[in-house]
2 protein chains.
Amino acid sequence: MDPSDHVTIDTIRAAAERLRGVALETPLIPFETPAGRQILLKAESLQAIGSFKIRGAYNAIAALGEAARSGGVVAASSGNHAQGVARAARLFGIEATIVMPADAPAIKQARVRADGARVIHWDPGRPSHATPHEQAIALAAERGLPMIHSFDDDTVIAGQGTVGLEVAARVDDLAAVLVPIGGGGLIGGIATAVRERHPNVRIVGVEPALAADAQESFRTGRLVRWPTELGRRTIADGTRVNLSERTFAYIRRLVDDIVTVEESEIMAAVRLVAERARTVAEPSGALTAAAVCFRSAEAGLDRLSGTVVAVISGGNLDTDRLRACLEAPIPNPPG
Amino acid sequence: MDPSDHVTIDTIRAAAERLRGVALETPLIPFETPAGRQILLKAESLQAIGSFKIRGAYNAIAALGEAARSGGVVAASSGNHAQGVARAARLFGIEATIVMPADAPAIKQARVRADGARVIHWDPGRPSHATPHEQAIALAAERGLPMIHSFDDDTVIAGQGTVGLEVAARVDDLAAVLVPIGGGGLIGGIATAVRERHPNVRIVGVEPALAADAQESFRTGRLVRWPTELGRRTIADGTRVNLSERTFAYIRRLVDDIVTVEESEIMAAVRLVAERARTVAEPSGALTAAAVCFRSAEAGLDRLSGTVVAVISGGNLDTDRLRACLEAPIPNPPG
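Please read all numbers here as calculations on a predicted model, not as lab measurements.

Parameters at a glance
- Residues numbered from 1 in each chain as written.
- Chains lettered and ligands numbered in written order.
- Predicted model: local features only at pLDDT ≥ 70, side-chain atom pairs only at ≥ 80, totals over all residues.
- Helix = DSSP H or I, 4+ residues; strand = E, 2+ residues; numbered from the N terminus.
- Rg over C-alpha atoms; globule rule 2.2 N^0.38 Å.
- Buried ≥ 20, exposed ≤ 12 C-beta atoms within 10 Å, placed from the backbone.
- Contact = placed C-beta atoms within 7 Å.
- Pairing = 2+ DSSP bridges.
- Right-handed = clockwise from strand over helix to strand, strands pointing away.
- Axes fitted to C-alpha atoms, helices over the stretch in contact; angles between N-to-C directions.
- Parallel < 35°, antiparallel > 145°, perpendicular 65-115°, else oblique.
- Left-handed = near helix turned anticlockwise from the far one by under 90°.
- Nonpolar A, V, L, I, M, F, W, Y, C, P; charged D, E, K, R; others polar.
- Core = buried A, V, L, I, M, F, W, Y, C linked by C-beta atoms within 7 Å.
- Domains from an automatic or database assignment.

Looking now at the overall build of chain A. Looking only at helices and strands, chain A has 14 helices and 9 strands in total. Here the C-alpha radius of gyration of chain A, 19 Å, is about what a compact globule of 335 residues would show, namely 20 Å. If you line up chain A on its principal axes, its C-alpha atoms span 55 × 40 × 40 Å. Taking all 335 residues of chain A together, 58% fall into the buried category. Taking as baseline every contact in chain A between residues at least 6 positions apart, the subset at least 24 positions apart corresponds to 75%.

As C-alpha cells, then:
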C-alpha cells in the first residue's frame, strides 16, 4: 500500500470536527511509575462507551454519507468496537447489526443492545462464517449494507487519530507516546496526528507477549498472522486480532518500535493505574502503563527527556476480573 | 456569623487564578444510575493528590503572603487535607508539619512524606493534645507558625469553591449539585460559586447516616456536634468531622437539604462508579453517587429536569477496601 494513500493530518482534523459533541476530549492524568517517573495517561477509559472506539466508528458512519448509511450498518466485534458502532448508529438514527460471539461478555452484549443495536450470535457452523468478521461480511453483502471494519478502514483510522491530535495540542514537550496494538488502527491514526506537530517524538506500540504478531511483523518486515487460538491466551482481549496490510503499512512508516509485556505485568498495571491514577483500565488499555513501569529500557524511554504519554485505550472489564487484578503482585521495576 | 462576611464569587475567582497550573480542571464524567438516570460526576478523584483538598490548601497558603508563610505551616489531618497541605507547601518551597494520628493509613502518611512534609504523630497523652487538631494549634503557637485549617477558614472555602466555578461554567442546564459534607468547607464554597450563575439550582449535601451531624444541625437549626466515636463507625472517613459555626452558616444560607445514605449504599456506589464511570472513588467521595442512585426522591431529584451533577470528592482508598466494595451487592433502586 502506497503511503501517499494514507490518512493525513487534514483528514484527522476533519474527523475531529465531526466528533465535536460526540467524543469527549479525555483527560491526561498524572501517573507515577514504581521507579518514580512522572508520566501522563491519556485516559480513553473515560471516553463515552469507555473506550476510544466511538471515535473511529462515528467518523466512518459519518463519512458514508446519508444515502449510504440510511439502511443501517453491519459490524463484527466481541467488544469495544461493537459498542462504538452501536452508539454511533444510534446517534445517526440508523440501525446497526452486530455479529458477536455467543460467549462475548454478557455485559458487553447488554450494552450494545441498550444502544438499540441488534446482536446476532456468530454461527461457526456455516462455511462462509469461519469468523464473526466473515459472517458480518456475508450478512452485509446479502443485505446490501455497509460494513464498518474495526480497524482496516481509513475513516476509522482517521477517527482514532483524533486521540493523537488532543495529545499533541496539550503536551508541548512531548517525548514519547505509547499505544496498545490490536488491529493497529489506533496507533496508525495517533502516529499520523502526533508526528505532524512533533516530528521527532518516539512512538512505541505495546502488545502482550502472548499476542505479539505485530512485533514479529515489525521486526521481520513481513506481515505475520498468529492463529486466533494463540491470541486467546492473553488477558488483554482487545489485542487478540492481527494487523491488516493497511495498518502494517502505517506501523512500518510511523512507529519506532514495538515492545511486549507479560501477563503479570499487565495485571499489575491495571492495579497501579487504579491505585495511582484512580482510573479503571481494562487489560488491553493498561498495556502501555505496563510497558512504562516494567519495560522502560526496552521501550527506549530511559534516556528521553520530556513528557511520556501512555494511551489507556479503554476501561471495560468485568468486575471480577478487576478484583483479580487488584490482588496482583507488583513486579520490581527494572534497574 | 454575618453572611456579609462570607466568601464571594470574586474571592473564588481570585482563587481560581491562583490555582491555574496547580489544580487540574477535573472532568465531568457521564454516569447512568441503576434506575436509568443520566447524570454527570465531577471527578475530583482525578485531581492532583486524588482529591479536591489541594485547591483550598494551596489558596490558603497563597493568601498568607510570602512573609507569613516563609517559616512554614502546620496542619492536622488523617487524610486528604494532609496531602493537600504537603503538596501546596512543596510548591511554595516551604516546610509543612502535619500532625497525623499514628494509625492513619500508611499509604497516606507515605504520600505526605513523599511531598517533603514532616509528619508528627498525634500524642494524646498531653492535656493540650485532646485531638490532632489541638496538638497542631499548640505546635503552631509554640513555633509562631500559621495553621492551615481543613475547612474553618474562608481562604480554604474559597479554594474549594473553584470546583463549583468549573461546574457552573460547563453545565448550562444545571438543575442540582450534590456535595459530600465533612467539615462543610467544600459545600460552602461550591454553593457560593454555583448560585452566582444558577441562582435556582438545587444544592444538596450528603452524609453517611452514621455521621449525620450536619443533617441534624440543618434540620434543628442548631449546630450539633457528634462525638468522634460515633463518626468512626462509617466507612466514609472523610466525613467524620463536625461542622464549624462558619461552615454551618454557609450551609443554612445556601443549601436546600441534606440527605443521608447507608453504609451498604456507599459501598455499592463505589462499585457502580468503578463499573460505569471507570473511576476509583473513595467512600466519602462516592456519597453523592449513592444519594442519586438510592435516595433520589429524598434528595428532591425526581421531578427535576436538567442536569444533575454529583461531586466525587476524592479517590484515595486502600486497595483492599476497594476490592471489598467491588463485591458489594447493588441495592434495588427505589420505585
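All right, on to the pairing of strand E3 (residues 73–76) of chain B then. Residues and elements named next belong to chain B. Of the two faces of E3, the one carrying Val73 and Ala75 and the one carrying Val74 and Ala76 are both buried. Here E3 runs beside strand E4 (residues 96–100); their pairing, made up of 4 bridges, is parallel. Each residue of the ladder has a partner; that of Ala76, found in E4, is Val99. As a crossover connection, the stretch from E3 through helix H4 (residues 80–92) into E4 is right-handed.

Attention now goes to the packing of helix H7 (residues 154–170) of chain B against helix H8 (residues 185–197) of chain B. Residue and element names in this part refer to chain B. The interhelical angle for the contact between H7 and H8, taken along N-to-C directions, is 45 degrees, at an axis separation of 7 Å. It follows that H7 is oblique to H8 by the angle criterion. Between H7 and H8 lies a crossing of right-handed hand. Listed contacts from H8 to Val156, Ile157, Ala158, Gln160, Gly161, Val163, Gly164, Leu165, Val167 and Ala168 of H7 are Gly185, Leu186, Gly188, Gly189, Ile190, Ala191, Thr192, Ala193, Val194 and Arg197. Tallied by class, residues from the contact of H7 with H8 come to 12 nonpolar, 7 polar and 1 charged.

The biggest cluster of nonpolar side chains holds 226 residues, and the ones touching the most others in it are Val177(A), Ala289(A), Val177(B) and Ala289(B). Non-local contacts of Val177(A), meaning those with residues more than four positions away in its chain, are made with Val167(A), Ile190(A), Val194(A), Val201(A), Ile203(A), Val309(A) and Val311(A).

Residues and elements named next belong to chain A. Split into domains, chain A comes out as domain 1 (3–51 + 153–326) and domain 2 (73–143). The gap between the C-alpha centroids of domain 1 and domain 2 is 24 Å. Taken together, the contact between domain 1 and domain 2 spans 9 residues of the former and 9 residues of the latter. Class assignment for the residues of the side of domain 1 that touches domain 2 results in 3 nonpolar, 4 polar and 2 charged.

Moving on to the interface of chain A and chain B. Facing 18 residues of chain A, the contacting portion of chain B comprises 18 residues. Going through the elements one at a time, strand E1 (28–32), helix H12 (263–277) and helix H14 (319–326) of chain A are the ones with two or more residues in the side of chain A that touches chain B. Of the residues forming the side of chain A that touches chain B, the biggest block, 4 residues, is contributed by H14(A). Of the residues in the side of chain A that touches chain B, the class split is 9 nonpolar, 5 polar and 4 charged.

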